[in-house]
Amino acid sequence: MNKIRKGDTVKVLSGDDKGKTGAVQYVYPKKERVIVAGINMMKKAQRRAPGQVKTQTGIIEREGPMHWSKVALVCPNCGKQTRVGFEFTADGVKYRVCNKCGNAIDK
Ligand SMILES: [Zn+2]
């Protein structure tokens, strides 16, 4: 189970966007990378694909994937940057808990 999931709010720990927060848009578990809204913007040259007239061309800015060790989860309960712990329900279902306030992160 991943510590960071789509929809989480995370804080950037290093790089140009250090200290900023954003919502996780996408997680690449195998690459251990995440895409965070508004973070790690990369300029990309978009060429017109043959036969596609409506494609936006020129320089566009998009979020680039970053390693998930460079972000920390912001707890939705206490609002603090936190480490994630795991616990089990009585039914054996694993869920994430905030190490700061002890509340469940997953609903
Ligand atoms: Zn918390």
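Refer to the structure presented above.
Residues numbered from 1 in each chain as written. Predicted model: local features only at pLDDT ≥ 70, side-chain atom pairs only at ≥ 80, totals over all residues. Heavy atoms only, no water.

Between any two of four tetrahedral donors, the ideal angle at the metal is 109.5 degrees; between two of six octahedral donors, it is 90 or 180 degrees. Distances from the zinc ion to its protein donors, C75 (SG), C78 (SG), C98 (SG) and C101 (SG), fall at 2.2 to 2.3 Å. Taken together, the four donor atoms coordinating the zinc ion and their angles of 103 to 116 degrees define a geometry best described as tetrahedral. Mapped onto the polypeptide sequence, the residues donating to the zinc ion form the spacing pattern C-x2-C-x19-C-x2-C. You can see C75 sitting in the loop between strand 7 (71-74) and strand 8 (81-82) and its partner C98 sitting in strand 10 (residues 94-98), a full 23 residues away along the chain. Judged by its relative accessible area of 2%, C75 falls in the buried class. For C98, a relative accessible area of 2% translates into the label buried. (Donors = N, O, S within 2.8 Å, 3.2 Å for Na, K, Ca; no water. Tetrahedral: all angles 85-135°; square planar, octahedral: opposite > 155°, others 65-115°. Helix = DSSP H or I, 4+ residues; strand = E, 2+ residues; numbered from the N terminus. Buried < 20%, exposed > 50% of the residue type's maximum accessible area, 1.4 Å probe, protein only.)

Moving on: the environment of K44. Position of K44 among the secondary structure elements: in strand 4 (residues 41-46). As for K44 and G64, which are separated by 20 residues in sequence, their C-alpha atoms are 9.9 Å apart. Those residues in contact with K44, other than ones at most four positions away along the chain, are G58, I59 and I60. (Contact = heavy atoms within 4.5 Å.)

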